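In case you want the letters, here they are:
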Amino acid sequence: MTQNSGMTVLLLSVVTCGLYMLYWFYKTGEEMNAKFQAGIPSFILFFVFSPYWIWKWAQGVEKVTKGGTSAAMAFIFVFFLPAIGAMLIQNKFNEVGGAPAAA
């Protein structure tokens, strides 16, 4: 997974009133599909039925982190605490990548 600072994801999500987080969801979903065949549907479904899309995305998170973050926890993080959840999950992605996060 692409290395990003979790704090940067949080701050940009807050400063852009959530627009960056939508971009982050899109990019991480595409990357999980490309590298891990996560089976996340098209991002267009996010706008039609977001709980379903977020659940499929959360299942991808569980696959990428090899169970380090369960699908249920990822869903709860991003559905109920979106910016904080994005930061926490990005930090898990960084651990999976093995390289230090870019500032």
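Because the structure is a prediction, the values reported are computed rather than measured.

**Observations regarding the side chain of Asn94**
Summarising the element assignment, Asn94 is placed in helix H6 (residues 82-97). For Asn94, a relative accessible area of 8% corresponds to the buried category. Reaching out from Asn94, the side chain makes a polar contact with the backbone oxygen of Asn4 at a distance of 2.5 Å.

**A word on the pattern of salt bridges**
Summed over the entire model, instances satisfying the criterion amount to two salt bridges. Lys35 is the partner of Glu31 in a salt bridge, and the nearest nitrogen-oxygen pair spans 2.9 Å. With Glu31 and Lys35 both in helix H2 (residues 19-36), this residue pair falls four residues apart, about one helical turn. Its salt-bridge partner being Lys92, residue Glu95 comes within 3.6 Å of it at the nearest N-O pair. A residue pair is termed a helical-turn pair when its members lie 3 or 4 positions apart in one helix, as Glu95 and Lys92 do in helix H6 at three residues. Judged by its relative accessible area of 55%, Glu95 falls in the exposed class.

**Some thoughts on the nonpolar core**
Counting residues in hydrophobic clusters, the biggest one holds 24 residues, and the most contacted among them are Trp24, Phe25, Met32, Trp53, Trp57, Ile89 and Phe93. Counting only elements with at least two residues in this core, the list comes to H2, helix H4 (50-64), helix H5 (71-80) and H6. Of all the elements, H4 adds the most residues to this core, at six residues. When residues no more than four places from it in sequence are discounted, the contact partners of Met32 are Met1, Gln37, Ala38, Ile40, Trp57, Gly60, Val61, Val64 and Phe93.

**Details of the confidence of the model for the protein chain**
If pLDDT is low for a region, its predicted coordinates should not be looked at in detail. For the protein chain, the mean per-residue pLDDT works out to 91, and 94% of the residues sit at or above 70. Counted against residues more than four places away or in other chains, residues 99-103, with its pLDDT under 50, gives 12 contacts.

**Considering the packing of H5 against H6**
In the contact formed by H5 and H6, the axes pass within 5 Å of each other and the chain directions differ by 140°. Judged by the angle between their axes, H5 and H6 are oblique. In contact with Ala74, Phe77, Val78, Phe79 and Phe80 of H5, H6 contributes Pro82, Gly85, Ala86, Leu88 and Ile89.

About the thresholds
- Residues numbered from 1 in each chain as written.
- Predicted model: local features only at pLDDT ≥ 70, side-chain atom pairs only at ≥ 80, totals over all residues.
- Heavy atoms only, no water.
- Helix = DSSP H or I, 4+ residues; strand = E, 2+ residues; numbered from the N terminus.
- Buried < 20%, exposed > 50% of the residue type's maximum accessible area, 1.4 Å probe, protein only.
- Polar contact = N/O pair within 3.5 Å; in protein donor to acceptor, adjacent residues only side chain to side chain.
- Salt bridge = Lys/Arg side-chain N within 4 Å of Asp/Glu carboxyl O.
- Core = buried A, V, L, I, M, F, W, Y, C linked by side-chain atoms within 4.5 Å.
- Contact = heavy atoms within 4.5 Å.
- pLDDT = per-residue confidence, 0-100.
- Axes fitted to C-alpha atoms, helices over the stretch in contact; angles between N-to-C directions.
- Parallel < 35°, antiparallel > 145°, perpendicular 65-115°, else oblique.

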